[in-house]
Amino acid sequence: MIHGSGLTTIAGDGTVLDAWFAEIGTVEPSAGALAASAMTFEALAGPDERRNVTVEAVQLSIDLDAAPASTADAYLRLQALSHLLVRPNELNLDGIFGHLPNVAWTSAGPMLPADAARLRPLLQRAGIQISGVDKFPRLTDYLLPEGVRIADASRVRLGAHLAPGTTVMHEGFVNFNAGTLGASMVEGRISQGVVVGDGSDIGGGSSIMGTLSGGGTHRVSIGARTLLGANAGIGISLGDDCIVEAGLYVTAGTKIVLADGAPLADGGRPVVKGGELSGENGILFRRNSLSGAVEAVRRAGVGVTLNEALHA
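Residues numbered from 1 in each chain as written. Predicted model: local features only at pLDDT ≥ 70, side-chain atom pairs only at ≥ 80, totals over all residues. Heavy atoms only, no water.

Looking now at the nonpolar core. Counting 67 residues, the largest nonpolar core has Ile 190, Ile 208, Val 244 and Phe 285 as its most contacted members. Secondary structure elements with two or more residues in this core: β1 (2-11), β2 (16-25), β4 (53-62), α2 (71-82), β5 (103-106), β25 (283-287) and β26 (294-298). Looking at this core, the element that brings in the most residues is α2, giving seven residues. Viewed by domain, this core spans two of them, domain 1 (2-134) and domain 2 (139-310), each represented by three or more residues. Val 244 has contacts with Leu 227, Leu 228, Gly 229, Ala 232, Ile 234, Leu 238, Val 250 and Phe 285, leaving out every residue within four places of it along the chain. (Core = buried A, V, L, I, M, F, W, Y, C linked by side-chain atoms within 4.5 Å. Buried < 20%, exposed > 50% of the residue type's maximum accessible area, 1.4 Å probe, protein only. Helix = DSSP H or I, 4+ residues; strand = E, 2+ residues; numbered from the N terminus. Domains from an automatic or database assignment. Contact = heavy atoms within 4.5 Å.)

Next comes the structure, spelled out in structure tokens:
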């Protein structure tokens, strides 16, 4: 169970836009603590005519094994992920999009897109800026993960799981229900459902396949001390101490030559599909610069060593 107390924003037409849980945890609060919390947040509640919304106190307890049942429920799950109370893929998010309305995100908080368009002159006069229109807000609008660097807040969605020591550079992106399990460098794209192990480096411009739009069901994971090179990409999991050469994209169907494998009877070398190497430790994936073939080579030692000072 996850328990939370905070504030929810409700549009003039009754649409629940979001919920911010300032108090969140896995231990059920006592009746006295709940009453005190309710008084605290009710003092912060009230209307905001600039955005045509009303802010109300909210208290909620949810079962993470059950599907989301409301907008506040969905937001509590996303914040549980970002507070590191639960890891990606360890809670039920079935149907979450149906509980997340499309919202105009402003410097004063969420509002309906139609209201944002109608009230634009008043918003501008009040110095309120619109930063985007989306179902998901920025993570940093709801919490600041301890020991984490995020160079561009718009690149990390609420529901991202970022372990202490993680650095997300300007071109890095982390979706909801995805993230890092230890100190990692993120300069590429971590899609929904993807987890990255301690000490790994997601190179600039690289991409990791998710399951939201591609139709696949395999949730990609990356082990510890693994390097996904610049502009590289994967649709398979990588184990510990692996390297994917810069610019190389490896999917489950990619034909890969086992470059250090025993020769076949006809003198050739064994060829496998990428899916057969998914999750294996200690592999270098590279493209032969002469033949153009994708090759896999067994390797020993650490895949990558991060700059300790940078990730302290």
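Across the protein chain, the average pLDDT comes to 91, with 93% of residues at or above 70. Within the protein chain, helix α5 (residues 308-311) has the poorest average pLDDT of any element, 68, and strand β9 (residues 160-161) the best, 98. (pLDDT = per-residue confidence, 0-100.)

Below, the discussion takes up the UniProt feature "active site" (unreviewed entry) in the protein chain. Under the present numbering, the feature "active site" (unreviewed entry) in UniProt falls on Glu 187. Among the secondary structure elements, Glu 187 is positioned in the loop between β13 (185-186) and β14 (189-190). The class for Glu 187 is partly exposed, based on a relative accessible area of 30%. Leave out the neighbours within four places in its chain, and Glu 187 touches Met 169, Glu 171, Gly 172, Asp 201, Ile 202, Gly 203, Gly 204 and Gly 205. (UniProt positions renumbered as here; feature names shortened; annotations may be inferred.)

What follows covers the sheet that holds strand β22 (residues 249-250). Think of a sheet as strands paired side by side through backbone hydrogen bonds, with each pair either parallel or antiparallel. Taken together, the five strands give an open sheet; going across it, the order is β11-β14-β17-β20-β22, and neighbouring strands pair in parallel fashion. In this open sheet, the two edge strands, each paired with only one partner strand, are β11 (173-174) and β22. (Pairing = 2+ DSSP bridges.)

With that out of the way, let us pick up the side chain of Thr 226. Tracing the sequence through the fold places Thr 226 in the loop between β18 (221-222) and β19 (227-228). Here the side chain of Thr 226 touches Gly 239 through a polar contact of 2.7 Å, landing on its backbone oxygen. There is a polar contact of 3.0 Å between the side chain of Thr 226 and the backbone nitrogen of Cys 242. Leave out the neighbours within four places in its chain, and Thr 226 touches Gly 199, Ser 200, Asp 201, Leu 238, Gly 239, Asp 240, Asp 241, Cys 242 and Val 304. (Polar contact = N/O pair within 3.5 Å; in protein donor to acceptor, adjacent residues only side chain to side chain.)

Our focus in this paragraph is the pairing of β26. The element β26 is extensively covered by neighbouring structure, given that four of its five residues are classed as buried. Alignment of β25 against β26, held across five bridges, turns out to be antiparallel. Across the sheet, residue Phe 285 finds its bridge partner in β26, namely Ala 296. Between β25 and β26, which follow one another and run antiparallel, lie six residues, and Gly 292 among them has a positive phi close to 85°.

Let's shift gears to α2. In this model, α2 (twelve residues) spans 17 Å end to end at C-alpha, consistent with the 16 Å of a helix rising 1.5 Å per residue. In terms of burial, α2 is a largely internal element, twelve of the twelve residues being buried. Along α2, the residues that are buried comprise Thr 71, Ala 72, Asp 73, Ala 74, Tyr 75, Leu 76, Arg 77, Leu 78, Gln 79, Ala 80, Leu 81 and Ser 82. Residues of α2 that are buried in the fold lie against β1, β2, β4, β5 and β9. Where α2 begins, the capping side chain belongs to Ser 70, and its oxygen is found 3.1 Å from the backbone nitrogen of Asp 73. Looking one or two residues past α2, Leu 84 carries a phi angle of roughly 65°, positive in sign. (Expected span 1.5 Å × (residues − 1).)

Looking at the secondary structure, you find Pro 68 in the loop between β4 and α2. The spacing of Pro 68 and Gly 95 is 27 residues in sequence and 6.9 Å in space, taken between C-alpha atoms. Contacts of Pro 68, omitting those with residues within four sequence positions, involve Asp 73, Arg 77, Asn 92, Leu 93, Asp 94, Ile 96 and His 99.

To continue, consider the domain arrangement of the protein chain. Each domain of the protein chain was delimited in the assignment, giving domain 1 (2-134) and domain 2 (139-310). Taking the mean C-alpha position of each, domain 1 and domain 2 sit 33 Å from one another. Domain 1 puts 19 residues into the contact, and the matching count from domain 2 is 20 residues. Roughly 1600 Å² is buried in total at the junction of domain 1 and domain 2, and carbon and sulfur atoms are behind 64% of that figure. Considering only the surface of domain 1 that becomes buried against domain 2, Ser 82, Pro 88 and Asn 89 emerge as the three largest contributors, covering 34% of it. Taken together, domain 1 and domain 2 are joined by one salt bridge. With a shortest N-O distance of 2.9 Å, Arg 157 and Asp 134 are connected by a salt bridge. Where the side of domain 1 that touches domain 2 is concerned, the elements lending two or more residues are β2 and α2. A per-class count over the side of domain 1 that touches domain 2 returns twelve nonpolar, four polar and three charged. (Buried area = accessible area lost by both parts, 1.4 Å probe. Salt bridge = Lys/Arg side-chain N within 4 Å of Asp/Glu carboxyl O. Nonpolar A, V, L, I, M, F, W, Y, C, P; charged D, E, K, R; others polar.)

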